[in-house]
Amino acid sequence: MTVQELNTEFDVPDILFYNDSHGLVCAELSNAGSKAVIALHGAHLMSYVPKGQRDVLWMSGKSYFAAGKPIRGGIPVCWPWFGGHPSDPAMPSHGFARLAEWEVIAAGKHEGATFIELVLTPGLIPEKFRNGDFLVKLRVELGGKLSAALIIDNTDVGELAFSAALHSYFNISEIADIAVSGLDGKTFIDTLDDTLHVQKGDIGFTAETDLVYLDTEGACIIDDPGFGRRIRIAKCGSRSTVVWNPWKAKSVRMPDFGDEEYHSMVCVETTNAETDARILAPGESHTLQVIIESETQD
Ligand code: TA6
């Protein structure tokens, strides 16, 4: 559907469909002075600006915005696998959902929040990725907080096994000055050397960090004194959390990531990863949800 057709079909106060400067079809959601932008490409949340604040989500200045390529920043939808494909190294990192063009199926207001729902079905993905039937939706709600819920329905006659992530990139003042709390005492895998550890206190950053926390359902908080705010990342349907910063050497190796951009971002990802991967029986459904709230510190 064109932007004009979308605005006619989903004629909702506080939602405007438009073509952004990269040519992506996007929807801008507004609510009580806050705004969020989602692209139909990958059902990708690009921006979340609470009233009176900076963008809570980070976007690389070198991101691709092209068919078949992932966007570097915002909230990538990683499905039906997180990280590398379980058995085929030729398959794209973090699955195909973030590479596909999703379709809008609903939009409106719900209990004061502005919402939009996008859908992905096998017919919307390249043949080479098709392997069974599914119906996946992303429901985004903007009110006093931002909610993104990935709803996975197994519409096939066989089991649907997957891992997943809402791979959120957060906009911060300086990586060396922030701390992430909420994971104290949790076991984690340091994926840089595949060793197991137990978190002691808050997480600080002094080098490349790529940690998968297990058996954790709690909220995390990014304390950012430089921007004078705390970002709370709550979740449902997830028992694993990934914390990532590429630091300098890995940033240089990524063509869609500026060499010095690691200073301004941190990923705190809401996942079904590692031992938290899921299997749905025919007809079963699973929801992976992140709820993001940013409060300024006076
Ligand atoms: O979530 C952390 C991670 O798996 C890192 O290992 C790093 O690869 C990051 O995701 C980004 O992956 P991408 O495929 O988007 O470059």
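Up top you'll find the structure we're talking about.
Reading guide: rules and limits
Residues numbered from 1 in each chain as written. Predicted model: local features only at pLDDT ≥ 70, side-chain atom pairs only at ≥ 80, totals over all residues. Heavy atoms only, no water. Helix = DSSP H or I, 4+ residues; strand = E, 2+ residues; numbered from the N terminus. Rg over C-alpha atoms; globule rule 2.2 N^0.38 Å. Buried < 20%, exposed > 50% of the residue type's maximum accessible area, 1.4 Å probe, protein only. Contact = heavy atoms within 4.5 Å. Areas by Shrake-Rupley, 256 points an atom, 1.4 Å probe, with all protein chains shown as cover. Lys, Arg positive; Asp, Glu negative; His and termini not counted. Charge placed at Lys NZ, Arg CZ, Asp CG, Glu CD. Near = heavy atom within 4 Å. Polar contact = N/O pair within 3.5 Å; in protein donor to acceptor, adjacent residues only side chain to side chain. Nonpolar A, V, L, I, M, F, W, Y, C, P; charged D, E, K, R; others polar. Core = buried A, V, L, I, M, F, W, Y, C linked by side-chain atoms within 4.5 Å. Pairing = 2+ DSSP bridges. Axes fitted to C-alpha atoms, helices over the stretch in contact; angles between N-to-C directions.

1. Quick word on the overall build of the protein
Scanning the protein for helices and strands turns up two helices and 22 strands. Here the protein has a C-alpha radius of gyration of 18 Å; the compact-globule value for 298 residues is 19 Å, and the two agree. By principal-axis analysis of the C-alpha atoms, the protein measures approximately 50 × 45 × 35 Å. In the protein, buried positions account for 54% of the 298 residues. Excluding contacts between residues fewer than 6 apart, the proportion of contacts in the protein whose partners are at least 24 apart in sequence is 61%. Accessible area for the protein stands at about 12500 Å²; split by element, carbon and sulfur atoms hold 50% of it. With 24 positive and 42 negative side-chain charges, the protein shows a separation of 3 Å between the mean positions of the two kinds.

2. Description of the environment of A43
With respect to the helices and strands, A43 occurs in the loop between β3 (34-39) and β4 (44-49). Considering only alpha carbons, one finds A43 and R98, 55 residues apart in sequence, at a separation of 6.9 Å. Not counting chain neighbours up to four residues away, the residues in contact with A43 comprise I38, V77, W102, L118 and L138.

3. Section: the side chain of H41
In this structure, H41 sits in the loop between β3 and β4. Discounting chain neighbours no more than four positions away, the residues touching H41 are L24, A66, A67, G68, K69, I71, R98, L99, A100 and E101.

4. Focus on the site of the ligand
Taken together, R72, F82, S93, H94, R98, H167, D210, V242, W244, K250 and E269 are the residues near the ligand. Between the ligand and R98, the relevant distance is 2.9 Å, taken from an oxygen atom to a side-chain nitrogen or oxygen of the residue. In the complex, 82% of the free accessible area of the ligand, which totals 390 Å², lies under the protein chains. Looking at the shell around the ligand, its residues break down into three nonpolar, three polar and five charged.

5. Overview of the nonpolar core
W79, W102, I116, L150, F170, I222 and I292 are the most contacted members of the largest nonpolar core, which totals 76 residues. When sequence neighbours within four positions are dropped, the list of residues in contact with I116 reads F17, A27, L29, I38, V104, A106, A107, L138, R139 and V140. Of all hydrophobic cores here, the second largest spans eight residues; its members include C78, I189, L214 and V242.

6. Regarding the pairing of strand β19 (residues 240-245)
Of all six residues in β19, six are buried, a share of seventy percent or more. Neither face of β19 is open: one carries S240, V242 and W244, the other T241, V243 and N245, and all of them are buried. As defined by bridge partners, strand β16 (residues 209-214) adjoins β19 across six bridges and the pair is classed as antiparallel. Considered in β19, the bridge of L214 is made with S240. Across five bridges, the pairing between β19 and strand β20 (residues 265-272) is antiparallel. The residue bridging W244 from the neighbouring strand is C267, located in β20.

7. So, the sheet that holds β4
The pairing of strands in a sheet comes from backbone hydrogen bonds and takes either a parallel or an antiparallel form. With respect to topology, four strands assemble into an open sheet ordered β1-β2-β3-β4, the strand pairing being antiparallel. Looking at which strands have only one partner, the edges of the open sheet turn out to be β1 (15-19) and β4. The sheet shows a mean angle of 20° between the axes of neighbouring strands, taken without regard to direction. Pairing between strand β2 (residues 25-31) and β3: six bridges, direction antiparallel. Across the sheet, residue N31 finds its bridge partner in β3, namely S34.

8. Considering unusual backbone geometry
Of note, the bond from W79 into P80 is cis; its omega dihedral lies within 30 degrees of zero at 5°. Mapped onto the elements of the fold, P80 is located in the loop between β5 (77-78) and β6 (103-110). Despite not being glycine, A32 shows a phi value in the positive range, around 50°. Even without being a glycine, D215 presents a positive backbone phi close to 55°. Relative to the elements of secondary structure, D215 occurs in the loop between β16 and β17 (220-224). Here D215 falls in the partly exposed class, since its relative accessible area comes to 45%.

As far as function goes, none of this settles anything; it's purely spatial.
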